[in-house]
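Spelled out from the first residue to the last, the chains are:
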Amino acid sequence: MNSVIGNGCAGTIDTSGPDGGIGELNVVIPPTVSIATSASYCEGDPLTDLTVTSTNGGTINWYTNAALTGTPVGVGNTLTPTVTTISTTTYYAQEIETVSGINCAGPSDNVIITINGIPNAPLVTGNTIYCQGDTPTPLSAEMSFGGIPNWYDNSALTPPTVSTLLQYNPTL
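Residues numbered from 1 in each chain as written. Predicted model: local features only at pLDDT ≥ 70, side-chain atom pairs only at ≥ 80, totals over all residues. Heavy atoms only, no water.

A. The arrangement of unusual backbone geometry in detail. Omega for the peptide link from Pro159 to Pro160 comes to 5°, which places this bond in the cis form. Looking at where Pro160 falls in the secondary structure, it is placed in the loop between β13 (139-142) and β14 (167-168). Backbone geometry at Leu68 places phi at a positive 60°, although glycine is not the residue there. Mapped onto the secondary structure, Leu68 falls in the loop between β6 (59-63) and β7 (74-75). (Helix = DSSP H or I, 4+ residues; strand = E, 2+ residues; numbered from the N terminus.)

In structure tokens form, the structure reads like this:
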């Protein structure tokens, strides 16, 4: 018996027969998978399921390592990401199709899920107490992650915003 490898799938062929090794050799084209694009979420947001499209309907195994080793973190065309803390996790999907007793593993595809922290409340500086008739001075906002402030004129923080600049000139 001789070993053969074709397109990433290993198999065997019997060359000891009465025909002097003439026989049929089937090389299975490995299945491929395709995952949607990477995504970013804020910590605490619900995560969308990852869905893979497979070419041949084999078994999809999900991993968190590029070597595709160890126990899969999930099996099936859909995986719900389990990461919940601030991090970046790469999920890999690989399809395995069994043909004539041979497990044929195709190339993997991956998607990156990023969980971002929730920004702290902005640090606001400037006078916030005035006497009647005073002219207010500008307020400044320092954003924890360099974002854009939303200034509101009500304590419920309901729209509309009155400014999205780092400095705001309040009116009394």
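B. Representation of the sheet that holds strand β3 (residues 33-35). The antiparallel open sheet is built from three strands, whose spatial order is β3-β5-β8. At either end of the open sheet lies a strand with only one pairing partner, and these are β3 and β8 (78-79). As paired elements, strand β5 (residues 50-54) and β8 share two bridges and run antiparallel to each other. Bridging from a neighbouring strand, Thr51 pairs with Thr78 of β8. (Pairing = 2+ DSSP bridges.)

C. Inspection of the pairing of β13 at higher detail. Residues of β13 alternate between two faces, with Leu139 and Ala141 buried on one and Ser140 and Glu142 left unburied on the opposite face. Alignment of strand β12 (residues 123-125) against β13, held across three bridges, turns out to be antiparallel. Across the sheet, residue Leu123 finds its bridge partner in β13, namely Glu142. Direction of pairing for β13 relative to β14: antiparallel, over a ladder of two bridges. In the strand pairing of β14, Leu139 is matched with Tyr168. (Buried < 20%, exposed > 50% of the residue type's maximum accessible area, 1.4 Å probe, protein only.)

D. Structural context of the side chain of Thr89. The topology assignment puts Thr89 in strand β9 (residues 87-99). Look at Thr89 and you get buried, because its relative accessible area is 16%. Leaving out residues up to four positions away in the same chain, Thr89 has contacts with Thr64, Val83, Val111, Ile112 and Ile113. (Contact = heavy atoms within 4.5 Å.)

E. Looking closely at the sheet that holds β13. If you trace the three strands from one edge of the open sheet to the other, you get β12-β13-β14, paired in antiparallel fashion. Bordering the open sheet on either side are β12 and β14, each of which pairs with just one other strand.

F. Representation of the pairing of β5. Looking at chain direction, β3 and β5 are connected through three bridges and run antiparallel. Of the residues in β5, the one forming a bridge with Ile35 is Val52.

G. Just the side chain of Gln94, in detail. Relative to the helices and strands, Gln94 is located in strand β9. For Gln94, a relative accessible area of 11% corresponds to the buried category. There is a polar contact of 2.9 Å between the side chain of Gln94 and the backbone oxygen of Gly106. Setting aside chain neighbours within four positions, we find Gln94 in contact with Val33, Thr59, Ile60, Asn61, Tyr63, Leu68, Ala105, Gly106 and Ser108. (Polar contact = N/O pair within 3.5 Å; in protein donor to acceptor, adjacent residues only side chain to side chain.)

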